[in-house]
Amino acid sequence: MQDKKIIIASDHAGFQLKEKLISHLTEEGYNVLDLGPYTDVIPVDYPDKAQLVAADIQEHPQNIGVLICGTGEGMCMAVNKYSFIRAGLVYNEETAKMTRLHNDANVICLGGRTTPPESAIKYLDIFLNTSFEGGRHQRRIQKLGDLK
Ligand code: RB5
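In short, a report on the structure. (Residues numbered from 1 in each chain as written. Predicted model: local features only at pLDDT ≥ 70, side-chain atom pairs only at ≥ 80, totals over all residues. Heavy atoms only, no water.)

### Points about the overall build of the protein
Inclusion rule: Numbering goes from the N terminus for both helices and strands, where a helix is a DSSP run of H or I of at least four residues and a strand is a run of E of at least two. What the globule rule says is 2.2 Å times the number of residues to the power 0.38, and the radius of gyration is computed from C-alpha atoms. Exposure categories follow from relative accessible area, calculated using a 1.4 Å probe and restricted to protein chains: below 20% of the type maximum is buried, above 50% is exposed, and the middle band is partly exposed. Should any heavy atoms of two residues lie within 4.5 Å, those residues are counted as being in contact.
Scanning the protein for helices and strands turns up 6 helices and 5 strands. Counting from the amino terminus, helix and strand elements in the protein follow one another as β-α-β-α-β-α-β-α-β-α-α. Radius of gyration (C-alpha) of the protein: 14 Å, near the 15 Å computed for a compact globule of 148 residues. With respect to the three principal axes, the spread of C-alpha positions in the protein is 45 × 30 × 30 Å. Looking at the 148 residues of the protein, the share that counts as buried comes to 46%. In the protein, 69% of the contacts between residues at least 6 apart in sequence involve partners at least 24 apart.

What follows is the structure, given as structure tokens:
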């Protein structure tokens, strides 16, 4: 069985939350790859980090991405440019669950300035512990990937 990793990255606005999520994931025993940044002193453009996470998932489709910027919006827009990515902007327990259940999301986007760390940890846990429902949703995500 292929080794499943959590690939995480942020911009400067998401850095603090990224660090908290990495601590949580590591404590929970996940294999985590941190694609930076490693400080929030230098501004980082979110498309650059979204691109790195997408490249990893293209090579290792079993991996799950976590992307954090100020609102999660920019990361979500950037990473969803790739046809093999299904990223969900998660802002409550329902979106955390449904984006896995119905959309088979392989990336979760969170807002470091909009979501308190305790909530983000809860949403991430729900996301990681929810399986895709398949069935009619399989056809829909297939169509999603075919869109040009
Ligand atoms: C950075 O100031 C902010 O624009 C960025 O983190 C993000 O929220 C964009 O979507």
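### Some thoughts on the environment of D125
Quick reminder of the rule: Polar contact criterion, stated in full: a pair of N or O atoms within 3.5 Å, where within protein one must be able to donate a hydrogen and the other to accept it, and residues adjacent in sequence count only if both atoms are side-chain atoms.
Take D125: it is sitting in helix α5 (residues 117-128). Among the residues examined, D125 registers a relative accessible area of 23% and is labelled partly exposed. D125 sits 101 residues away from H24 along the chain, and the two C-alpha atoms are 9.6 Å apart. A distance of 2.8 Å separates the side chain of D125 from the side chain of H24, its partner in a polar contact.

### A few points about the pattern of salt bridges
Opposite charge on two side chains allows them to pair when their charged atoms are near. Note the cut-off: By definition, a salt bridge exists where a carboxyl oxygen of Asp or Glu is found within 4 Å of a side-chain nitrogen of Lys or Arg.
Using the criterion set out here, one finds 5 salt bridges in the structure. Between R100 and D104 there is a salt bridge, with its nearest N and O atoms 2.8 Å apart. Residue class for D104 comes out buried when judged on its relative accessible area of 18%. Bridged by salt links that share partners, the residues K18, E19 and D34 form one connected network.

### Concerning helix α1 (residues 15-27)
To keep things clear, this is the line we draw: For a helix, the expected span equals 1.5 Å multiplied by the residue count minus one.
Counted at 1.5 Å a residue, the expected span for α1 with its 13 residues is 18 Å, and the 19 Å between its end C-alpha atoms agrees. Burial in α1 covers these residues: F15, L17, K18, L21, I22, H24 and L25. Tucked inside the fold, the buried residues of α1 contact β1 (6-10), β2 (32-34), β3 (64-69), β5 (107-111) and α5. Two residues or fewer after α1 comes G29, characterised by a positive phi angle close to 90 degrees.

### Some remarks on the pairing of β5
As a reminder, the rule being used: Should DSSP find at least two bridges between two strands, the strands are taken to pair. Handedness of a crossover: with both strands directed away from the viewer, a clockwise path from the first strand across the helix to the second marks it as right-handed.
Along β5, 5 of the 5 residues are buried, which leaves the element largely enclosed by surrounding structure. Residues V107, C109 and G111 point to one face of β5 and I108 and L110 to the other, with burial holding for every one of them. The pairing of β3 with β5 spans 5 bridges and is classified as parallel. Within β5, the position partnered with I68 by the bridge is L110. This β-α-β element, strand β4 (residues 87-89) to helix α4 (residues 93-101) to β5, shows right-handed connectivity.

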